[in-house]
Amino acid sequence: MQVPAPFEYERATSVDHAIGLLERLGNTSRLIAGGHSLLPMMKLRLVNLEYLIDINDLHDELGYVRLARGEIRVGAMTRHRELLESDPLAEAFPIFRDAERVIADPVVRNRGTLGGSLCQADPSEDLSAVCTTLDASCVIRGSAGDRVVTMAEFYRGPYETAIEDNEMLIEIRIPVRAGGSSAYEKVERRAGDWAVVSCGAALWMDGDLISDARVGLAAVGPNTTGIPAISDALRGKAPSEELFEQAGAIAGENCSPQNDMRGSADYKRHLANELTRRALRRAVARIGGQAR
Amino acid sequence: MTTLDDRPLGFINNDEKPVGHGRMLRKEDPRFIRGKGKYVDDIQLPGMLHLAILRSPVAHARIVSVDTMAAMSHPKVKAVVTGADLVEKGLAWMPTLSNDVQAVLATDKVRFQGQEVAFVVAEDRYSARDALELIDVEYDVLPPVVDVRKALAADAPVIRDDLDGKTDNHCFDWQTGDEAATNAVFDKAEVVVTEDIVYPRVHPAPLETCGCVADYESVDGQLTLWTTSQAPHAHRTIYALVSGLPEHKIRVIAPDIGGGFGNKVPIYPGYVCAIVASLVTGKPVKWMEDRSENLTSTSFARDYIMRGEIAATRDGKILAIRTNVLADHGAFNGVAAPLKYPAGFFGVFTGSYDLEAAFAKMTAVYTNKAPGGVAYACSFRVTEAVYLVERLVNCLAYELDVDPIELRIKNFIRPEQFPYATKTGWVYDSGNYEAAMRLAMELAGYDELRTQQAEKRLKGELMGIGVSFFTEAVGAGPRKDMDILGLGMADGCELRVHPTGKAVVRVSCMSQGQGHETTFAQIVAEEIGIAPADIQVVNGDTDNTPFGLGTYGSRSTPVSGAAAALVARKVRDKAQIIASGMLEVSVADLEWQKGSFHVKGDPSKSVTIQDIAMKAYGAGDLPEGIEGGLEAQICYNPENLTYPFGAYICVVDVDPGTAQVKVRSFTAVDDCGTRINPMIIEGQVHGGLTDGVAMALMEMIAFDEAGNCLSSSLMDYLLPTALEVPDWQTGHTVTPSPHHPIGAKGVGESATVGSPPAVVNAVVDALKPYGVRHADMPLTPSRVWDAMQGHPRPPV
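Read on for an overview of the structure.

The rules we used
- Residues numbered from 1 in each chain as written.
- Chains lettered and ligands numbered in written order.
- Predicted model: local features only at pLDDT ≥ 70, side-chain atom pairs only at ≥ 80, totals over all residues.
- Heavy atoms only, no water.
- Helix = DSSP H or I, 4+ residues; strand = E, 2+ residues; numbered from the N terminus.
- Polar contact = N/O pair within 3.5 Å; in protein donor to acceptor, adjacent residues only side chain to side chain.
- Contact = heavy atoms within 4.5 Å.
- Patch = residues over 30% accessible without salt bridge, like charges linked within 9 Å, V, L, I, M, F, W, Y side chains within 5 Å.
- Areas by Shrake-Rupley, 256 points an atom, 1.4 Å probe, with all protein chains shown as cover.
- Salt bridge = Lys/Arg side-chain N within 4 Å of Asp/Glu carboxyl O.
- Lys, Arg positive; Asp, Glu negative; His and termini not counted.
- Charge placed at Lys NZ, Arg CZ, Asp CG, Glu CD.
- Axes fitted to C-alpha atoms, helices over the stretch in contact; angles between N-to-C directions.
- Parallel < 35°, antiparallel > 145°, perpendicular 65-115°, else oblique.
- Left-handed = near helix turned anticlockwise from the far one by under 90°.
- Nonpolar A, V, L, I, M, F, W, Y, C, P; charged D, E, K, R; others polar.
- Buried < 20%, exposed > 50% of the residue type's maximum accessible area, 1.4 Å probe, protein only.
- Pairing = 2+ DSSP bridges.
- Core = buried A, V, L, I, M, F, W, Y, C linked by side-chain atoms within 4.5 Å.

Time to look at the side chain of Thr642(B). All names here are of chain B. Relative to the helices and strands, Thr 642 is located in the loop between strand 29 (631-636) and strand 30 (645-654). In this structure the side chain of Thr 642 is engaged in a polar contact, spanning 2.6 Å, whose partner is the backbone oxygen of Lys 745. With residues near it in sequence (within four places) discarded, Thr 642 still touches Asp 429, Glu 472, Ala 473, Val 474, Pro 558, Ser 737, His 739, Ala 744 and Lys 745.

Residues and elements named next belong to chain B. Residues Asp 67, Asp 136, Glu 138 and Asp 140 make up a contiguous surface patch of negative charge. Counting residues per element, the negative patch draws most heavily on strand 8 (residues 136-141), which supplies three residues. Within the secondary structure layout, Glu 138 lies in strand 8.

Before going further, it helps to examine the packing of helix 16 (residues 678-697) of chain B against helix 17 (residues 750-766) of chain B. Residues and elements named next belong to chain B. Interaxial distance between helix 16 and helix 17 falls to 7 Å at its minimum, and their mutual angle equals 45°. Judged by the inter-axis angle, helix 16 sits oblique to helix 17. Two packed elements cross with a definite hand, and for helix 16 against helix 17 that hand is right-handed. Only Ala 751, Thr 752, Ser 755, Pro 756, Val 759, Val 760 and Val 763 of helix 17 make contact with helix 16, whose side of the interface consists of Val 685, Gly 688, Leu 689, Asp 691, Gly 692, Val 693, Met 695, Ala 696 and Leu 697. Here the contact of helix 16 with helix 17 is built from residues that sort into eleven nonpolar, four polar and one charged.

Moving on to the environment of Ile634(B). Residue and element names in this part refer to chain B. Counting through the fold element by element, Ile 634 comes out in strand 29. Given a relative accessible area of 16%, Ile 634 falls into the buried group. The spacing of Ile 634 and Ile 413 is 221 residues in sequence and 35 Å in space, taken between C-alpha atoms.

With that out of the way, let us pick up the sheet that holds strand 2 (residues 61-67) of chain B. Spatial strand order, 6-2-8 (chain B): three strands in an open sheet with antiparallel pairing. For this open sheet the edge positions go to strand 6 (109-110) and strand 8 of chain B, each flanked by a neighbour on one side alone.

Here the focus is the nonpolar core. Among the nonpolar cores identified, the biggest contains 211 residues, and Leu51(B), Phe119(B), Phe345(B), Phe346(B), Met437(B), Ile649(B) and Leu697(B) are the most heavily contacted of them. If one sorts the elements of this core by residue count, helix 9 (residues 382-400) of chain B sits on top with twelve residues.

As structure tokens, this is what we get:
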């Protein structure tokens, strides 16, 4: 049994309470949501902190998937399982269900949260790639009020985000646009493992032509990355295998994978290419109603 | 209560049989599945303290100083012990199972990342762990030896400078077979195929990590050690020899064990530390390692770099096999194998084939990695041997462009050749290889699979069919050849039939979950006619079981199982004499059937074993010369090993775009001789196959250039899940062992031995359109993709 170093524990009863605690305790404290990333790091003593602020009681306040005007709002404490099972979410963004099916295992999905996943800022994290693909924005709350940042602004490096010590992520907002669909592709060494590479694609059609497209990659750089060059290459074109190949090639060129236990950089570059093509192909097929 | 309807299909009702071999639910399972198993970590004693070990963060360094002052002042710490403290007690070093020495706590140098440096004893587990961070060790970091191929380089740093006159990292050389004869065959052979084959370092990773509770009672000088041990008796003797405590004052108890796979054969420094801690503090002390400690410091398996060569005629007659092996033994040679066999039973690398000659040469070296080289369900290195030969035969099939099964069948040792003496000196007891191979082909639908594969290849789809055929050598072993640290590998067994006809059988081997409480009850039941439910099996307590060498190398059924059958027959012989008195006929006039003796020709005149038991303990006279009671003890010395075998066929699909491997189906035909409980056999096979798929596809203990272990958690060391494996299809043939009392051969490791080559052969077969003849494990998507690009890479 691995045991963490001593720490103080407090259970927040509301978002305001949690932010008040963060104000007081600053960088000596950490929020704990599902705990599947933080607890192992504490047990391995990679993270030593003085105070742990448990926000699981905020699930009532921050656990939701809401359809708002022109966007879907997902509370930061929404658990993986809820994301997996949300029909409105799957209908608007099938990429979520694709991704949730291959995130960890049911035990983790029962506890882990959207906010916890994003805030961990692991470069291989799946929901980060999903949110990047969908051009989501993050609502960060502090004692002074809310601020909204893009995914690109949210990530500052591996395991680093734009959230200050006295703030917390409370919501993700995803714009809903007509005529689109999305898909997620992941290669892992074993079920439930982190991605070797994963790729999200979202695509919108105007008649026979692509009006917009976005691709988000995980595990091939310091953070999940969107590839604007792919969007530029696809816009205004009719979807075709040649076009997807071109997009794949752009993805392969525009990432910075490293050699590690999960695979060689060359292989990951190849996967970025291959999975981009697959995800785009599937997203387009979904728009045409050819595939789920 | 279990009803017949709940039981698996094909269940034979043991009540009708009425006793003995056959399908039967495991007697121990109600305890396990209800969470009522009792493991070492469940043991709580009054006043018990907790021990935590400080481990080296680096692979190779000289210890400059160890400052324990701050740790000592922690309010809940009772003791802090360093290597220097152990030197004073003469306990800083201990023997390994291969007669090397290993540091209990490092004194001069640390030699691998994770090596034990000091320990803390505290009131609770948290405080003990906290206090480790208060110990200040200054290291003078030395260059490590990580690449095994460079271990013998002239400028390589010398790891084992603790050994007198040691000037290099050479561990041992070993060879087997006839080199000249083999070279002669190779020189004239029409076809020679050479392949470099790596079996990477893997880890047993049992669910329960290692640990113990040591309780030394100073008043009567009694040490009781509850411990995760697959070999309690061997451990007790070694503790006596190392510590100087008299052996009769040491009681080793292995309670329920949560998986062993060889990981719990060695004595680890942690056990010795806990004993020292109890001696020092006068309190019981518990040490349970955590997952990272288990993965980084306890015995690994494999780590063989093999160059294999196979010689054949152009029409596919295999003539000879030759191999040169470089073995990585880590920092201390902790191999668990009979002393005369430093490479275990690797000598069976000749496989299941009738050869003209064979030769193997091995060089073993020290590196700055965790020590060991235990079994991991490997039957003493048979795993590496089988992998080598089964890959080589496939490479030959590739070069000759023939079907790999046809090639195998053509070269099998034929049934009439048994007992068969191999060119490396092993005598295979019995076998009918072609029958098992053909059954596997039939179950798998081999011909249809090949047709389907051809169709898929035309469409650019990558389907692979992999075959392996293995022969294992298990059941160590004959006293004349085999011992571990001087202890012969014979097993004792004791059977007591109580007055009411219930019984207790005490065995020396030790279950780690294999179902001994059921299997051994069934073995005895078959012989003596008492229902398995009425026979208690006791194991794991040295005060309450006869001496024997424990459970590993699939030796429980071949050795202790034979002992159990023979002791039951000994009791039955005595019962027959008592029965002759009860029925007033001569012994020769009695016939034995289903638990009772009756007078020949008159079945109405009979006494049951229960009647006889009551008589044996009851009032009244017994036949002349017969003592009261109905019990016996024996020690069984096997005359040979047993040689189970099997034919495996694996089908995989490889995604051409991502190089991901999906195991679509797996057919396993096993022949372990007489089958005692087919359900337990199937369970063992299922587990071993899962293990084998994982080793082939994902498991590996890796190191970086500095000697840091990169596989120190289960996030990095990938264990398989149900999603990685198909529904297993099992079949069997039965070729009893001629020398085992009930013809059983052992099956615990068969599937782990046989499945990795089947999976690798399948993946390589799938990649045939890419011209791939060999690719090393673990076949992760990245490594498969490398092979598809024409540059398969060795994993080390």
